[in-house]
Amino acid sequence: MKAVRIVATRQPLVFEDLPDPTPGPDDAVVRVQATGICRSDWHAWMGDWTWIGLAPTLPIVPGHEFGGEVVAVGANVREFAVGDRVTVPFHNACGHCAYCRAGSPNLCANTGIYGFSWDGSFAEYVRVPHADFNLIRLPDTVDALTAAAMGCRYMTGYHGVMRGGVRPGHWVAVQGAGGVGLSAIQVAAAVGAQVVAVDIDDAKLDKAREEGAVAVVNARRANVPEAVREITGGGAHVGIDALGIRETILNSILSLRKGGRHVQIGLTTAAEGGMVAVPIDAVTAMELEIVGSLGNPHPAYDGLLSLVAAGRLRPRNLVEREVGLEDVNAVFAAMTEFQTRGFNVVTRF
Ligand SMILES: [Zn+2]
Ligand SMILES: [Zn+2]
């Protein structure tokens, strides 16, 4: 099969022919019809995230957000068959640990990630371990491109809004109007929240307005907590940091009203190395909550997919362009310069 691999950090990916994957007894193999190029793939290529154990062994095929068709299943797979149209959450789960049984397979004790733990979807075919538990059937009206647009950033934004306990009428301040941020903005607006989008790029803020933000703040030109408190009449009920740098984490927490909740979605960069000092006395005095949000648990896909199928959530709006497998290097280079405006999805293999 055609595939692209990371052979060394920060070196050009290599476009090559690899053997087709074969399924183990519990696995499936999916023909990839669309796969998003995510900033997490870029982080893997940059050599980030060693501090949370997310450094893949090289060489590896990246790619973890995809839609496609089952082409082979192992002997133990019961629920899926060749020809089924499917996607997966990027976090593969075992299906039998305490977290999986409790309905939180995004926290699985035996988790693995496509393109980090084994070869991912920047290829014609990808292997899905524990296929009965991890494959998600696509509704007829949800195509592979939409599935790829949902596979990581969109579903992550969706779960972040759920973790925030966002309710109609809430003020929600979203730091970062990239892929995850725009997804959270779209979902929060869809559930009736009033969204303030914060970024340093006016073009991204224009896109945030298109996706439902009622106000925007350019962090280059304004003091973010002051601006958010003024717009919201005292602070946001919920803050979502979709970026993960020190400045956005602090801006999110400091923009909350009393009793507010900060949701941390973005993982930090090499500059923070996973550690950021937070205003902990304000957390106490204002009874703030700080919660993390990781991916989207498998059981939450029913609600997400039915809203997408009904057209009430529109992940495809966030697709900037479709590209070929050979374009991954160019997209990574654009990500290094923060030049991407939405999802770049590989649809040509
Ligand atoms: Zn598990
Ligand atoms: Zn991702």
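Given the structure is predicted, the values throughout are model-derived calculations rather than measurements.

Asker: Any details on helix H10 (residues 301–309)? Residues and values, ideally.
Answerer: Within H10, the full set of buried residues consists of Tyr-301, Leu-304, Leu-305 and Val-308. Down the axis of H10, the smallest arc covering the buried residues is 90°, so these residues share one side. Structurally, H10 contributes buried residues whose contacts are with strand S5 (85–87), strand S9 (136–137) and helix H4 (144–163). The first or second residue beyond H10 is Gly-311, which carries a positive phi of 80°.

Asker: Outline the pairing of strand S13 (residues 236–241), listing residues and values.
Answerer: When a strand is regular, its side chains alternate between the sheet's two faces. A large share of S13 lies buried, amounting to five of its six residues. Pairing of strand S10 (residues 171–175) with S13 involves four bridges; the strand directions are parallel. What sits directly across from Ala-173, in S13, is Gly-239. In this structure, S13 lies alongside strand S14 (residues 256–264), joined through five bridges in parallel fashion.

Asker: Which residues make up the packing of aromatic side chains, and what values do they have?
Answerer: Tallied over the entire structure, the rule returns three aromatic pairs. Ring plane angle 80° and centroid distance 5.4 Å describe the contact between Phe-66 and Tyr-114, whose orientation is recorded as edge-to-face. Of the two residues, Phe-66 is situated in strand S4 (residues 66–73) and Tyr-114 in the loop between strand S7 (112–113) and strand S8 (125–128); the sequence distance between them amounts to 48 residues. Among the residues examined, Tyr-114 registers a relative accessible area of 0% and is labelled buried. Their ring planes at 75° and their centres at 5.3 Å tell us that Tyr-114 and Trp-118 sit as a pair that is edge-to-face. Clustering of aromatic rings is evident, with ring pairs tying together Phe-66, Tyr-114 and Trp-118. If you follow Arg-39 out to its NZ or CZ, it ends over the ring of Trp-42, 4.7 Å from the centre. Of note, Arg-127 hangs over the ring of Trp-118, and the distance from its end group to the ring centre comes to 5.9 Å.

Asker: Give me the pairing of strand S3 (residues 28–37): which residues, what numbers.
Answerer: Buried residues dominate S3, accounting for eight of its 10 residues. With seven bridges joining them, S3 and S4 adopt antiparallel strand pairing. Considered in S4, the bridge of Arg-31 is made with Glu-69. With four bridges joining them, S3 and S8 adopt antiparallel strand pairing. Bridge pairing in S8 links Val-30 to Val-126.

Asker: How would you sum up the coordination of the zinc ion (ligand 1)? Please name residues and give values.
Answerer: Protein-derived coordination of the zinc ion (ligand 1) comes from Cys-94 (SG), Cys-97 (SG), Cys-100 (SG) and Cys-108 (SG), at a distance range of 2.3 to 2.4 Å. For the zinc ion (ligand 1), the four donor atoms in the first shell make angles of 99 to 118° at the metal, a pattern classed as tetrahedral. Here the donor residues of the zinc ion (ligand 1) are spaced in sequence according to C-x2-C-x2-C-x7-C. Both residues of the pair, Cys-94 and Cys-97, count as buried.

Definitions and cut-offs
Counting starts from 1 at the beginning of each chain's written sequence and moves along it residue by residue. Lettering of chains starts at A and numbering of ligands starts at 1, both following the order in which they are written. With pLDDT at 70 or above as the cut-off, local features in this predicted model cover only qualifying residues; side-chain atom pairs require 80 or more to be listed or tallied, and sums for whole chains, interfaces and linings still use all residues. Hydrogens are left out, water is left out, and the side-chain values use all remaining heavy atoms of the structure. Exposure categories follow from relative accessible area, calculated using a 1.4 Å probe and restricted to protein chains: below 20% of the type maximum is buried, above 50% is exposed, and the middle band is partly exposed. Per the convention used, a helix needs a DSSP run of H or I reaching at least four residues, while a strand needs a run of E reaching at least two, with both numbered from the N terminus. Note that the arc is defined by the directions from the helix axis to the C-beta atoms. In what follows, residue pairs with any heavy atoms lying within 4.5 Å of each other are defined as contacts. One requirement defines pairing of two strands: DSSP has to find at least two bridges between them. Between 30 and 60 degrees the pair is tilted, below 30 it is stacked and above 60 it is edge-to-face, where a pair is any two Phe, Tyr or Trp rings, Trp via its six-membered ring, whose centres lie within 6.5 Å. A ring is scored as having a charge over it whenever the NZ atom of a lysine or the CZ atom of an arginine sits within 6 Å of its centre and within 35 degrees of its normal. The rule for donors is simple: N, O or S, within 2.8 Å of the metal, or within 3.2 Å if the metal is Na, K or Ca. Water isn't counted, so a site may look like it is missing partners. For four-coordinate sites, all angles between 85 and 135 degrees define a tetrahedron; for four- and six-coordinate sites, opposite donors beyond 155 degrees with the remaining angles between 65 and 115 define square planar and octahedral shapes respectively, and all other cases count as irregular.

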